[in-house]
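Chains, contacts and geometry: an overview
So the chains spell out like this:
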Number of protein chains: 2
Amino acid sequence: MYNNYFMPTRIISGSGCIGAFAAELMPFGKTAMLVTGAASAKKNGSLDDITAALKKNGQNFFIYDKVKSNPTVPCVYDGGAAAKRGGADFIIAAGGGSPMDAAKVMALLACRDIPESELFSGNYGNRALPVIAVPTTAGTGSEVTQYAIITNDNAETKTIIATPLIFPKIAFLDEKYLTGLSHDTMINTVIDALSHAIEGMLSVRAGVVSDTLASSAAKIIISSCGDLEKGSLTKEQYAGLLYASTLAGMVISNTGTTVVHAMGYSLTYYKDISHGRANGLLLGRYIEYVRDKAPALCARVCAAAGLKDEKELKIKLASLLGKPEQLTDAEISHYSEKAAVTANVKNGIIPISQSGIETIFRDSMTQT
Amino acid sequence: MYNNYFMPTRIISGSGCIGAFAAELMPFGKTAMLVTGAASAKKNGSLDDITAALKKNGQNFFIYDKVKSNPTVPCVYDGGAAAKRGGADFIIAAGGGSPMDAAKVMALLACRDIPESELFSGNYGNRALPVIAVPTTAGTGSEVTQYAIITNDNAETKTIIATPLIFPKIAFLDEKYLTGLSHDTMINTVIDALSHAIEGMLSVRAGVVSDTLASSAAKIIISSCGDLEKGSLTKEQYAGLLYASTLAGMVISNTGTTVVHAMGYSLTYYKDISHGRANGLLLGRYIEYVRDKAPALCARVCAAAGLKDEKELKIKLASLLGKPEQLTDAEISHYSEKAAVTANVKNGIIPISQSGIETIFRDSMTQT
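Since this is a predicted model, take the numbers as computed values, not measurements. (Residues numbered from 1 in each chain as written. Chains lettered and ligands numbered in written order. Predicted model: local features only at pLDDT ≥ 70, side-chain atom pairs only at ≥ 80, totals over all residues. Heavy atoms only, no water.)

Overview of the overall build of chain A
Stated formally: Elements are defined by DSSP. Helices are runs of H or I of four residues or more, strands are runs of E of two residues or more, and each kind is numbered from the N terminus. The globule rule used for comparison is 2.2 Å times the number of residues to the exponent 0.38, while the radius of gyration itself is calculated over C-alpha atoms. The contact definition used throughout considers only heavy atoms, calling two residues in contact when any of these lie within 4.5 Å. Each accessible area is a Shrake-Rupley estimate made with a 1.4 Å probe; only the visible protein chains count as cover when residues are assessed. Note on charges: Lys and Arg go in the positive column, Asp and Glu in the negative column, and His and the chain ends are not counted at all. In this description, the location of a charge corresponds to atom NZ of lysine, CZ of arginine, CG of aspartate or CD of glutamate.
In terms of regular secondary structure, chain A is built from 15 helices and 9 strands. Relative to the 2.2 N^0.38 estimate, which gives 21 Å for 368 residues, the radius of gyration of chain A is 19 Å and therefore close to what a compact globule would have. For chain A, the spread of C-alpha atoms along the principal axes amounts to about 60 × 45 × 40 Å. By sequence separation, contacts in chain A at least 24 residues apart represent 80% of the contacts at least 6 residues apart. Of the roughly 13300 Å² of accessible surface on chain A, a fraction of 53% belongs to carbon and sulfur atoms. When the 34 basic and 34 acidic side-chain charges of chain A are each reduced to a single mean position, those positions are 3 Å apart.

Rendered as structure tokens:
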């Protein structure tokens, strides 16, 4: 009945945008900590563009490049301490979801001593260092969300930290950072964005604005699936897919995600399946579940995504992802039990029980 | 090449949303000034809902209900002084564009002594009282923009005050406030929103996000035109049109408007034609001008708006608006000269000269 939309990040896009809009970084202070993974931001040119912009502005910076995929609690504390030690006034994160999510938590930890036992408590005070986000994959949408997903070894899953304090101040979208991504990474991250768009339309928190953005994101992705699979994306398609992932990020910043993400976290935590692939492997069967329970909703979502029907989605996903990894019965049971108690499950328009989740796991992960 | 998107207003929607989300008003302070026109906010129930929410919160308020259509410089200074005198911590505006725009400028003037000679200077300091916006028409989009349009008697036109300081903090969208609007007001305001969506797609500042929002807004409006004309809108259609006007406001907050608005200001200033009607009378001929100069752009915009072609738009507008007011040759010449030098003109993808503007005025305003 009621709906709530909020997304205060400035989005600046276009090839070369960091250099062209370097002045936008000036208000954030004298010293930036740049957060990246070990290599990709150096290879794809984003780190060079950021450092050139800061030098042009006369701003100081230092680099924290120790973020690995699926960042951990020790990593974000280490980075938070580095930010304090270096006197960072703001943080610029370049990379996929991992550096951006890690940087957001570092931005909180630089301003507040949060015991590790309270990191997922939701009590984050009223201040974080400003974060500037430079996505270099077309998947996470973290550049426009208030979320950071951190590997939580105590709970053996990935856990969301959510606070408006960590909405990036600016997202710089430059598609040229994507062109060197591996074929698999490009596919997996784009499928993550597609999952955000579709899950967003199936969320109890969906509304007119989020549905509008989700439809646009999904249509861009669906129309590029063929070239994505062939590895023949044009510059314009890279730009389109980067925008699609940002649009889909705007969606989930308002709708959250559903059971698909909750299920995917176990595939990533226990089986080391990349986040986007994990969601994609489950999404096709999930949309069939929605079709069985609410055919009109399924048809509306498919049409909004530019799909003839849910079968087309399943075929496209299977074609992009290839053969799924296998799970044992014990794994399916364990992961289903974990997924069933998440907040994501309650977030879906269509209720689903633990046995429904088991069915989706089984049908998705044991195909030959 | 580059694009910039920013819209930090929280949008809360649904019938009864002010009461349900009254707590959202708490952080803004002890005392609110409520800004309305003389009568409509009392009649449509919005003032009652706002005062009930504030009473529930234990917040104080006082009412400034002297805003007339097309608010003037003396009005905003009077209201700014009232806000200071009453110790307002924040402002809640309920109404169409006039109370919302006036309230935004009052919010600036309550925090800073700006001489009248500098009101349109762009120099507004770094603070304004927080503004909460409650639109009660489906047209202006002011609830999600950084603009206030004020009648500027020195320049004999309406002039824009634009600063991110006056983005409303929250927009409350409740369609029940619209149901008592007169047939003409409903048509005129909806056409203003349609003009925002279409002009936004024809702006040099258009981008993926704004085009996505504009397409959604225009499609909602186009699909409701028949019932809008018949005066047989359902509750769902009122809600849809209110959302469409907000989506279109999000568009122009990023794209600005084009020559259509620049031309319309003279029709309002000199001929007292309502703002939305003024734009609508000109929009049909303007889209033909775009078709002649850039047929592919015109076709793309029409398709995005859910229109077969530009002829369909012109027919729909003519049917909704009826016979246009007449202008003399001297008036056309005078208004064209004024419009030709505005920033709005440079904002259009398709360049237009003063004589092009004269042609649009002549063809639009002298039909029989």
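Section: the nonpolar core
Inclusion rule: Buried Ala, Val, Leu, Ile, Met, Phe, Trp, Tyr and Cys residues that are joined via side-chain atoms within 4.5 Å together make up what is termed a nonpolar core. Between buried and exposed lies partly exposed: a residue is buried under 20% and exposed over 50% of the maximum accessible area for its type, with that area taken using a 1.4 Å probe on protein chains only.
Ranked by size, the top nonpolar core spans 152 residues in total, and within it Tyr5, Met250 and Phe361 of chain A together with Tyr5, Met250 and Phe361 of chain B carry the most contacts. If near-sequence neighbours (up to four positions away) are discounted, Phe361 of chain A is found in contact with Met263, Leu267, Leu282, Leu327, Ile332, Tyr335 and Ser336 of chain A.

What to know about the sheet that holds strand 6 (residues 131-135) of chain B
The test is simple: Here, a strand pair is defined by DSSP locating no fewer than two bridges between the strands. Fitted lines through C-alpha atoms serve as axes, helices being fitted only where they are in contact, and the angles separating the N-to-C directions of these axes extend from 0 to 180 degrees.
If you trace the 7 strands from one edge of the open sheet to the other, you get 1(A)-2(B)-9(B)-6(B)-5(B)-3(B)-4(B), paired in mixed fashion. Every interior strand has two partners, whereas the edge strands, strand 1 (3-5) of chain A together with strand 4 (60-64) of chain B, have only one. The average undirected angle you get between the axes of adjacent strands in this sheet is 20°. Inspection of the sheet shows strand 3 (residues 31-35) of chain B paired to strand 4 of chain B by 5 bridges, in the parallel sense. Among the inter-strand pairings, Ala32 of chain B is bridged to a residue of strand 4 of chain B, identified as Phe61 of chain B.

Some words on the pairing of strand 6 (residues 131-135) of chain A
Residue and element names in this part refer to chain A. To be explicit about the condition: A clockwise course of the path from the first strand over the helix to the second, judged with the strands pointing away from the viewer, identifies a crossover as right-handed.
A large share of strand 6 lies buried, amounting to 5 of its 5 residues. Side chains Val131, Ala133 and Pro135 of strand 6 all project onto a buried face; the interleaved residues Ile132 and Val134 project onto the opposite face, where all are buried too. Sheet topology note: the strand 5 (residues 90-95)/strand 6 ladder contains 5 bridges and is parallel. Looking across to strand 6, one finds that Ile91 is bridged to Val131. Following the backbone out of strand 5, through helix 5 (residues 97-109) and into the adjacent parallel strand 6, one traces a crossover that is right-handed. Direction of pairing for strand 6 relative to strand 9 (residues 170-173): parallel, over a ladder of 2 bridges. Paired with Ala133 across the strands is Ala171, a residue of strand 9.

As for the pattern of salt bridges
We count it as follows: When a carboxyl oxygen of Asp or Glu lies within 4 Å of a side-chain nitrogen of Lys or Arg, that pair is called a salt bridge.
Per the counting criterion, the structure on display carries 36 salt bridges over all chains. Among the salt bridges present, the one from Asp65 of chain B reaches Lys42 of chain B, with a minimum N-O distance of 2.9 Å. Taken as a pair, Asp65 of chain B in the loop between strand 4 and helix 4 (73-85) and Lys42 of chain B in helix 2 (residues 40-43) lie far apart in primary sequence, 23 residues in all. With a relative accessible area of 39%, Lys42 of chain B lands in the partly exposed category. Two residues, Arg285 of chain B and Glu288 of chain B, come together in a salt bridge whose shortest N-O distance is 3.8 Å. You can see Arg285 of chain B and its partner Glu288 of chain B sitting in helix 10 (residues 275-293), 3 residues apart, about one turn around the helix. Just as Arg285 of chain B is buried, Glu288 of chain B falls in that class too. Look at the salt bridges and you will find they share partners, linking Arg285, Glu288, Lys314 and Asp363 of chain A into a network.

Side note on the relation of the copies chain A and chain B
Formally: In this comparison the copies share one frame, found by least squares on the C-alpha atoms of residues holding pLDDT of at least 70 in both.
Least-squares fitting of chain A to chain B yields an RMSD of 0.0 Å, with the transformation described by 0.0 Å of translation along the axis and a rotation of 180°. Each copy turns onto its partner about a two-fold axis. Measuring from the rotation axis to each C-alpha of chain A, the shortest distance belongs to Pro8 of chain A, at 2.0 Å.

Thoughts on the pairing of strand 3 (residues 31-35) of chain A
All names here are of chain A. Burial of strand 3 is extensive: 5 of the 5 residues sit out of reach of the surface. With 4 bridges joining them, strand 3 and strand 5 adopt parallel strand pairing. Within the sheet, the bridge partner assigned to Ala32 lies in strand 5 and is Phe90.

What to know about the confidence of the model for chain A
Keep this limit in mind: pLDDT expresses, on a scale from 0 to 100, how confident the predictor is about each individual residue.
Per-residue confidence for chain A gives a mean pLDDT of 96, with 99% of residues at or over 70. In the predicted assembly, ipTM is 0.95 and pTM is 0.96.

Considerations on the sheet that holds strand 9 of chain A
A sheet is described by the order of its strands in space; here 7 strands give the open sequence 4(A)-3(A)-5(A)-6(A)-9(A)-2(A)-1(B), paired in mixed fashion. Either end of the sheet is taken by a strand with one partner, and the two such strands are strand 4 (60-64) of chain A together with strand 1 (3-5) of chain B. Recorded for the sheet is a direction-independent mean angle of 20° between the axes of neighbouring strands. Strands in contact with helix 5 of chain A are strand 3, strand 4, strand 5 and strand 6 of chain A; relative to strand 5 of chain A, the strand with the most contacts, it is inclined by about 165°.

Regarding unusual backbone geometry
The backbone of Asp272 of chain A sits at a positive phi, close to 60°, despite the residue not being glycine. Counting through the fold element by element, Asp272 of chain A comes out in the loop between helix 9 (259-271) and helix 10 (275-293). Of the residues examined, Asp272 of chain A reaches a relative accessible area of 65% and is grouped as exposed. A positive phi angle, close to 55°, is found at Asn70 of chain B, a residue other than glycine.

Some thoughts on helix 3 (residues 46-57) of chain A
Residue and element names in this part refer to chain A. Using the following cut-off: Here the expected span of a helix is defined as 1.5 Å times the quantity of residues minus one. Relevant arc is that of directions from the helix axis to the C-beta atoms, nothing else.
Given a rise of 1.5 Å per residue, 12 residues ought to cover 16 Å, and the 17 Å separating the end C-alpha atoms of helix 3 matches this to within 8%. If you check which residues of helix 3 are buried, you get Ser46, Leu47, Ile50, Thr51, Ala53, Leu54 and Asn57. Down the axis, helix 3 shows its buried residues gathered within 155° of arc, on one side only. Opposite the packed face of helix 3, turned more than 90 degrees from it, sit the exposed residues Asp48, Lys55 and Lys56. Packed against the buried residues of helix 3 are helix 1 (17-20), strand 3, helix 2 (40-43), strand 4, strand 5 and strand 6. Immediately beyond the C-terminal end of helix 3, within one or two residues, lies Gly58, with a positive phi of roughly 70°.

Describing the side chain of Ser253 of chain B
Note that Ser253 of chain B resides in helix 8 (residues 235-255). Ignoring anything within four residues of it in the chain, the contact list for Ser253 of chain B reads Phe6, Met7, Val144, Thr145, Gln146, Tyr147 and Phe167 of chain B.

Examining the interface of chain A and chain B
In many analyses, interface size is given as the accessible surface area lost on bringing the parts together. Let me state the cut-off plainly: Accessible-area loss on putting two parts together, using a 1.4 Å probe and summing over both, is the definition of buried area adopted here. We call two N or O atoms a polar contact when they sit within 3.5 Å, provided that within protein one can donate a hydrogen and the other can accept it, with sequence-adjacent residues counted only if both atoms are side-chain atoms. Charged means Asp, Glu, Lys or Arg here, nonpolar means Ala, Val, Leu, Ile, Met, Phe, Trp, Tyr, Cys or Pro, and polar covers whatever is left, Gly included.
Residue-level contacts link 28 residues of chain A with 28 residues of chain B. Roughly 2500 Å² of surface becomes buried between chain A and chain B when both sides are summed, with 61% attributable to carbon and sulfur atoms. At the junction of chain A and chain B, the tally comes to 0 salt bridges. Counting across the interface, chain A meets chain B through 10 residue pairs in polar contact (both at pLDDT 80 or more). Put simply, the parts of the chain that give the side of chain A that touches chain B at least two residues each are strand 1, strand 2 (10-13), helix 1, helix 7 (208-230) and helix 8 (235-255) of chain A. The element that contributes the greatest number of residues to the side of chain A that touches chain B is helix 7 of chain A, accounting for 6 residues. Among the residues making up the side of chain A that touches chain B, the classes are represented as 18 nonpolar, 9 polar and 1 charged. With 3 bridges joining them, strand 2 of chain A and strand 1 of chain B adopt antiparallel strand pairing. Paired with Ser13 of chain A across the two strands is Asn3 of chain B, which belongs to strand 1 of chain B.

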